[in-house]
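Okay, here's what each chain looks like letter by letter:
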There are 2 protein chains.
Amino acid sequence: MEKVQERLYVEQVKEMDVEEVLVKGWVHKIIDFGKFGFIHLRDKTGILQLVVDKEVLKGLRLEMSIEVIGTKVVNEKAPGGVEIQVKGLEVIGNTYYEMLPIPVNEYKKKAHLETQLDYRYISLRNPKTRAAFKVQQEIVTAFREYLLANNFSEIHTPKILGASTEGGSEVFTINYFEKRAFLAQSPQFFKQMMVGAGFEKVFEIAPAYRAELHNTYRHLNEYISLDLEMGFIKDENDIMDLEEGFIRHLFQHLRKTCQKELAMYDVSLPEKVEIPRIPLAEAHRILLEEYGKRSPVGNIDAEGEELFSKYIKEKYDSDFVFLTAYPIKKRPMYAMPDEDGMTKSFDLIYKGLEITTGGQRIHDYEMLKENIKKFGFNPEDYGFYLESFRYGMPPHGGLAIGLERITMKILNLSNIREATLLPRDMKRLEP
Amino acid sequence: MEKVQERLYVEQVKEMDVEEVLVKGWVHKIIDFGKFGFIHLRDKTGILQLVVDKEVLKGLRLEMSIEVIGTKVVNEKAPGGVEIQVKGLEVIGNTYYEMLPIPVNEYKKKAHLETQLDYRYISLRNPKTRAAFKVQQEIVTAFREYLLANNFSEIHTPKILGASTEGGSEVFTINYFEKRAFLAQSPQFFKQMMVGAGFEKVFEIAPAYRAELHNTYRHLNEYISLDLEMGFIKDENDIMDLEEGFIRHLFQHLRKTCQKELAMYDVSLPEKVEIPRIPLAEAHRILLEEYGKRSPVGNIDAEGEELFSKYIKEKYDSDFVFLTAYPIKKRPMYAMPDEDGMTKSFDLIYKGLEITTGGQRIHDYEMLKENIKKFGFNPEDYGFYLESFRYGMPPHGGLAIGLERITMKILNLSNIREATLLPRDMKRLEP
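Predicted model, so just to flag it, every value in this text is computed and none were measured.

Criteria and thresholds
Residues numbered from 1 in each chain as written. Chains lettered and ligands numbered in written order. Predicted model: local features only at pLDDT ≥ 70, side-chain atom pairs only at ≥ 80, totals over all residues. Heavy atoms only, no water. Pairing = 2+ DSSP bridges. Helix = DSSP H or I, 4+ residues; strand = E, 2+ residues; numbered from the N terminus. Contact = heavy atoms within 4.5 Å. Axes fitted to C-alpha atoms, helices over the stretch in contact; angles between N-to-C directions. Phe/Tyr/Trp six-rings, centres within 6.5 Å; stacked < 30°, edge-to-face > 60°. Lys NZ or Arg CZ within 6 Å of the ring centre and 35° of its normal. Parallel < 35°, antiparallel > 145°, perpendicular 65-115°, else oblique. Left-handed = near helix turned anticlockwise from the far one by under 90°. Nonpolar A, V, L, I, M, F, W, Y, C, P; charged D, E, K, R; others polar. Buried area = accessible area lost by both parts, 1.4 Å probe. Salt bridge = Lys/Arg side-chain N within 4 Å of Asp/Glu carboxyl O. Polar contact = N/O pair within 3.5 Å; in protein donor to acceptor, adjacent residues only side chain to side chain. Least-squares fit on C-alpha atoms with pLDDT ≥ 70 in both. Buried < 20%, exposed > 50% of the residue type's maximum accessible area, 1.4 Å probe, protein only. Domains from an automatic or database assignment. UniProt positions renumbered as here; feature names shortened; annotations may be inferred. Expected span 1.5 Å × (residues − 1).

Visitor: Teacher, can you tell me more about the sheet that holds strand β11 (residues 222-231) of chain B here?
Guide: Two orientations exist for strands paired in a sheet by backbone hydrogen bonds: parallel and antiparallel. All names here are of chain B. Reading across the sheet, the eight strands line up as β6-β10-β11-β16-β15-β14-β13-β12 and stay open at both edges, with mixed pairing between neighbours. Of all the strands in the sheet, the pair left with one neighbour each is β6 (153-154) and β12 (277-279). As paired elements, strand β15 (residues 353-361) and strand β16 (residues 396-402) share six bridges and run antiparallel to each other. From the neighbouring strand, G359 faces β16, where its bridge partner is G398. Sheet contacts for helix α6 (residues 188-199): β6, β10 (201-209), β11, β15 and β16; angle to β11, the most-contacted strand, approximately 30°. Packing against the sheet, helix α9 (residues 280-291) makes contact with β12 and β13 (320-324), and its axis sits at approximately 80° to β12.

Below, the structure is given as structure tokens:
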């Protein structure tokens, strides 16, 4: 192969004014016309038509990795209006299969989700399947950018705990040097502690673990939690204001960075984001009056979330709604009490799915200790967590957003596993 | 309290042209002159002197959270040349202690590291202690920025595995719905898989777990791994080039964003970063000739790393050195073989400590299968990992940087726990 310049991505080849190019990628499609042929080369950024002599096609198989030099030619009939007259093609990654377990280049035939997950290293080669993760990456980027711009610090807290954080049986146990330890269900205690430790405003993007016995379209046993906690707040409205600001920033950011990917999923994001804040009791009343739907005490079930989102969409033209004022008994012991047995807490429902739980937390040591007792727990079991409140903890609150859930809802995916590279659920530990 | 504007940070109060201010933070110091007094207020960004009447000091205790309004006055004798004449002060976070377990405002008396870790929510209030984590945050930011700018995708892979990745006994086991699962020692298999799945270049910033029976100044059992993997490379030099470029970008970024923090630790980062690449055998020869130091076969021990770094510093004026050409027997089965029983792999040593292991990997299915056998393992045990190589895996390689290790070395800390918010080691599971 003759000496060539740096490798260009397919997108660059299409956009730039170049003649000689070096491209790399996978054999996406082979079209054999006898005397010559087309190869569609696929890389991270797109698909490019290569024009080759017939002998180049000999032994060439779909999904081989290749390296190609050639000349860029404008051809309106080629995908993207451009093709490459190939001067040299080298196979740099061989294949060893009888049949592809999932076709990569047939967009219309979609393999069953379980098959896609079994062969993740093939199913993700489909540009549309992979595009969901470009959107997910930009959600993470937008979250981080927004919070760094608002004086938050990024933290990393351990996922191995000496005691289970929020109680309950839904926790995985680890064998830790002959001791029993637990996988963190959330960084809740640590993020509060770091607010008090002087960081004031913190966020963390990290895995969280729930040993829930659910195997549904919206549950994962390991997921990425976008957590934040913020000190010196007035009340839970500061936290909702922050999240509303984030959603606005997020949609702007996605419109800018994921135009192509959003189009693949036929998604257009609203320009205007104004999120109604409605007390849970009011939502219950509306559900009963409008849909004859009864709700569980102090909560809202999956059907209720969907119906209520429908109502909000019609009445407020919003995909989002904050449900506020959850009762004390339905929230953790650290939730800040409000009037009438309620808490200063909220959920954010997006297109019928809860994607956030948040609220103001108790910051006074004595109040927290009393509340732990009221919940029937022993303050001594809360060792370092409770102790950390002795030293001037400021008023604070926070929230957590499920990354896979918000990705799923933005792209209107029907199963959370489509928004997860390698999902972990009750049945799936591989790949 | 009268109506005031938005809260300003201490740094903003000092920099901006303002008269009336609202500040929030902790009581860092109280100086009582009888008729009046000073309070040093500490927030996330700095320390500010408040001038108050004597009655304000009544009942005020160190480390209470307070909210203050007042007038900015220039006073050359005050820290930072500015003080606030206080009009109103409110305690918003109470204290409940007899004595602070660690003094926050005495810079010279430093508590024992174990005590600092026991009371992390107090020890981090010391600005210098907390500054290490600002530097750590900016290392993470620089890593991400650099890779995103180089067309990498950020990925999230599961930390719960159905089989232990790289073998060995140094793995934590989890009880996963009555099955046995493992905590990931690294995202090695997954990041390679994602290169092949079409992302081409990926990185991940996530916890990694090593059940090592070491309790030393440089080991953690849970740490943050900065991982990357890159497809379509020529050889391991592409990976070293990338890391060298990252280190250059990192130092520029830290000089820009962490001037104050680096000064606290008396650190100045070199303008020039050119990293020698020296084969392990050559390093062995130098260690023997220069220091009479014998090395273990195919490796270098902690003492050797330190001596060799000293040699490199003197000879090349570099804090870094790449050690290359490790023998096959000392590297994992996926390391790409080179001539003479060596591999295309490397370590990066920084100021006497290994902070990176990396290299080119085997990408050919048959070669990988054969190598697994040569290592005495059964290819069938590598199920989905080996399978993923059947479909045109391109030449690729990658590396992992230990976040706490690089933080420790940049700041010349003597123990890795000082670069960890909440360390996990054989003895420590709390806080």
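Visitor: In this structure, what is going on with the packing of aromatic side chains? I would like to understand it.
Guide: Any pair of aromatic rings gets described here by the distance separating the centres and the angle formed by the planes. Applying the stated rule across the entire model yields 50 aromatic pairs over all chains. Ring geometry for F33 of chain B against F36 of chain B: centres 5.2 Å apart, planes inclined by 35°, an arrangement best described as tilted. Connected via pairs of aromatic rings, a cluster forms that spans F189, Y334, F375, F377, Y382, Y385 and F389 of chain A. R331 of chain A extends its terminal NZ or CZ atom over the ring of Y326 of chain A, reaching a point 3.9 Å from the ring centre. R7 of chain B extends its terminal NZ or CZ atom over the ring of F232 of chain A, reaching a point 5.2 Å from the ring centre.

Visitor: Any chance you could explain the packing of α9 of chain B against helix α10 (residues 302-316) of chain B here in plain terms?
Guide: Each packed pair of helices is defined by two parameters, the angle between the axes and the distance between the axes. Residues and elements named next belong to chain B. For the pair α9 and α10, the least separation of the axes is 10 Å and the interaxial angle reads 85°. With respect to α10, the element α9 is oriented roughly perpendicular. The residues of α10 that touch α9, namely those facing A283, I286, L287, E290 and Y291, are G304, L307, F308, K310, Y311 and E314.

Visitor: Just checking my understanding: could you explain the packing of helix α5 (residues 127-149) of chain B against helix α13 (residues 403-410) of chain B for this structure?
Guide: Residues and elements named next belong to chain B. Running from N to C, α5 and α13 point in directions that differ by 125°, and their axes come no closer than 10 Å. As summarised for this structure, α5 and α13 are arranged oblique, according to the angle between their axes. For the element pair α5 and α13, the recorded crossing hand is right-handed. Each of A132, V135, Q136, I139 and V140 in α5 lies in contact with α13, whose residues at this interface are L403, E404, I406, T407 and I410. Here the contact of α5 with α13 is built from residues that sort into seven nonpolar, two polar and one charged.

Visitor: Explanation requested: the interface of chain A and chain B in the structure shown.
Guide: When the parts of a complex come together, some accessible area is lost, and that lost area is often taken as the interface size. Contacts between the two partners involve 97 residues from chain A and, on the opposite side, 97 residues from chain B. Surface buried jointly by chain A and chain B totals about 8,400 Å² across both partners, of which 62% is contributed by carbon and sulfur atoms. Its largest share of buried area at the contact with chain B, chain A owes to Y96, Y121 and Y391 of chain A, together 10% of the area lost on that side. Between E200 of chain B and R7 of chain A there is a salt bridge, with its nearest N and O atoms 2.8 Å apart. For the interface between chain A and chain B, the tally reads 50 residue pairs in polar contact (both at pLDDT 80 or more). Bridge count for strand β8 (residues 173-176) of chain A against strand β8 (residues 173-176) of chain B is three bridges, and the pairing is antiparallel. From the neighbouring strand, N175 of chain A faces β8 of chain B, where its bridge partner is T173 of chain B.

Visitor: Hey, could you run me through the relation of the copies chain A and chain B in this one?
Guide: Here the second copy of the chain follows from the first by a rotation about an axis and a shift along it. Overlay of chain A on chain B (RMSD 0.0 Å): rotation 180°, translation along the axis 0.0 Å. Each copy turns onto its partner about a two-fold axis. Of every C-alpha in chain A, the one belonging to I174 of chain A sits nearest the axis of rotation, 2.2 Å from it.

Visitor: Please explain the side chain of N415 of chain B as it appears in this structure.
Guide: All names here are of chain B. Secondary-structure assignment places N415 in the segment after α13. There is a polar contact of 2.9 Å between the side chain of N415 and the backbone nitrogen of R417. Excluding anything up to four places from it in sequence, N415 contacts L113, Y217 and M408.

Visitor: Would you mind going over the environment of A302 of chain A with me for this structure?
Guide: Residue and element names in this part refer to chain A. Take A302: it is sitting in helix α10 (residues 302-316). Through-space distance from the C-alpha of A302 to that of A208 is 22 Å; in sequence the pair is 94 residues apart. Here A302 is in contact with R218 and G352, once residues within four sequence places are set aside.

Visitor: Help me understand the pattern of salt bridges in this model?
Guide: One side chain can pair with another of opposite charge once the charged atoms of both are near each other. The final tally for this structure, using the stated rule, is 68 salt bridges over all chains. Between E138 of chain B and K134 of chain B there is a salt bridge, with the nearest N and O atoms lying 2.8 Å from each other. Here E138 of chain B and its partner K134 of chain B are both found in helix α5, four residues apart, which amounts to about one turn of the helix. Owing to a relative accessible area of 7%, E138 of chain B belongs among the buried residues under this scheme. Put simply, R144 and E154 of chain A together with R144 and E154 of chain B are held in one network by salt bridges that share partners.

Visitor: Got a minute to help me understand the domain arrangement of chain A in this structure?
Guide: Along its sequence, chain A is organised into domain 1 (10-93) and domain 2 (127-419). Taking only C-alpha atoms, the centre of domain 1 of chain A and the centre of domain 2 of chain A are 46 Å apart.

Visitor: Would you take a moment to explain the UniProt feature "binding site: L-aspartate" (unreviewed entry) in chain A for this structure?
Guide: Residues and elements named next belong to chain A. When the UniProt feature table is mapped to this numbering, "binding site: L-aspartate" (unreviewed entry) covers E166, R210, T357 and R361. For T357, the contacting residues outside a window of four places in its chain are R331, F346, D347, L399 and A400. There is a polar contact of 3.3 Å between the side chain of T357 and the side chain of E354. The topology assignment puts R361 in strand β15 (residues 353-361). Not counting chain neighbours up to four residues away, the residues in contact with R361 comprise Q188, K191, Q192, E229, Y334, M336, H396, G397, G398 and L399. A polar contact of 2.8 Å, which involves the side chain of R361, links it to the side chain of E229.

Visitor: Explain helix α7 (residues 236-257) of chain A here, please?
Guide: One full turn of an α-helix is made of 3.6 residues, so residues set three or four places apart face in the same direction. Here α7 of chain A is 22 residues long and its end C-alpha atoms lie 31 Å apart, about the 32 Å a rise of 1.5 Å per residue gives. Taking the backbone nitrogen of N237 of chain A as reference, a side-chain oxygen 2.8 Å away marks D235 of chain A as the first, capping residue of α7 of chain A.

Visitor: What is the right way to look at helix α5 (residues 127-149) of chain A in this model?
Guide: All names here are of chain A. Here α5 is 23 residues long and its end C-alpha atoms lie 32 Å apart, about the 33 Å a rise of 1.5 Å per residue gives. Measuring from the side-chain oxygen of the N-cap residue of α5 to the backbone nitrogen of K128 gives 2.9 Å; that N-cap residue is N126. Phi turns positive, to about 65°, at N151, one or two residues after α5.

Visitor: I'm lost on the sheet that holds strand β4 (residues 65-74) of chain A in this one. Help?
Guide: Residues and elements named next belong to chain A. With mixed pairing, the five strands of this closed barrel are ordered in space as β1-β2-β3-β5-β4. For this sheet, the mean angle separating the axes of adjacent strands, direction not counted, is 55°. The sheet contact formed by strand β1 (residues 20-32) and strand β2 (residues 36-43) spans six bridges and is antiparallel. Across the sheet, residue D32 finds its bridge partner in β2, namely G37.

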